[in-house]
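Tertiary structure, described
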Amino acid sequence: MRKNILKEVKRMKYFATIFWAVLIITVVSYVLTSMAGQAFNIGSTLSVAAIFAVAAIVLGEGILKEENS
């Protein structure tokens, strides 16, 4: 039972990271392209969001993980 709950928590962490990465990068990209007078390109925005999400997950799960003593 406890293992199932831990799996769900980990899955929700990934979902939340991906959701917020897409949302934040989309807003930033939209604002910056509007300020520059360029067309908004959702394809490049989603690719940058994917890179950002993977980097956040790798940093959170591996590199910046707290050591419990």
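Here the structure is a predicted model, which means the values were calculated and not measured.

Remarks on the overall build of the chain
Scanning the chain for helices and strands turns up two helices and zero strands. Referenced to the eigenvectors of the C-alpha coordinate spread, the extents of the chain come out at roughly 50 × 25 × 15 Å. About 5,900 Å² of surface is accessible on the chain, with carbon and sulfur atoms providing 70% of the total. Here the chain holds 7 positive side-chain charges and 4 negative ones, and the gap between their average locations is 9 Å.

A look at helix H2 (residues 42–63)
The terminal C-alpha atoms of H2 lie 30 Å apart, and with 22 residues this matches the ideal 32 Å at 1.5 Å per residue to within 8%. Regarding H2, the residues found buried are Thr-45, Ala-49 and Ala-53. End-on view of H2: buried residues confined to an arc of 70 degrees, all on one side of the axis. Relative to its buried face, H2 has exposed residues pointing more than 90 degrees away, namely Ile-51, Val-54 and Ile-63. Those residues of H2 that are buried are in contact with helix H1 (2–36). The opening residue of H2 is Asn-41, an N-cap whose side-chain oxygen sits 3.1 Å from the backbone nitrogen of Gly-43.

Let's talk about the side chain of Ser-29
Tracing the backbone through its elements, the reader meets Ser-29 in helix H1. Residue Ser-29 is classed as buried on the basis of its relative accessible area of 18%. Excluding anything up to four places from it in sequence, Ser-29 contacts Phe-40 and Thr-45.

What counts, and at which threshold
- Residues numbered from 1 in each chain as written.
- Predicted model: local features only at pLDDT ≥ 70, side-chain atom pairs only at ≥ 80, totals over all residues.
- Heavy atoms only, no water.
- Helix = DSSP H or I, 4+ residues; strand = E, 2+ residues; numbered from the N terminus.
- Areas by Shrake-Rupley, 256 points an atom, 1.4 Å probe, with all protein chains shown as cover.
- Lys, Arg positive; Asp, Glu negative; His and termini not counted.
- Charge placed at Lys NZ, Arg CZ, Asp CG, Glu CD.
- Expected span 1.5 Å × (residues − 1).
- Buried < 20%, exposed > 50% of the residue type's maximum accessible area, 1.4 Å probe, protein only.
- Arc of directions from axis to C-beta.
- Contact = heavy atoms within 4.5 Å.
- Polar contact = N/O pair within 3.5 Å; in protein donor to acceptor, adjacent residues only side chain to side chain.

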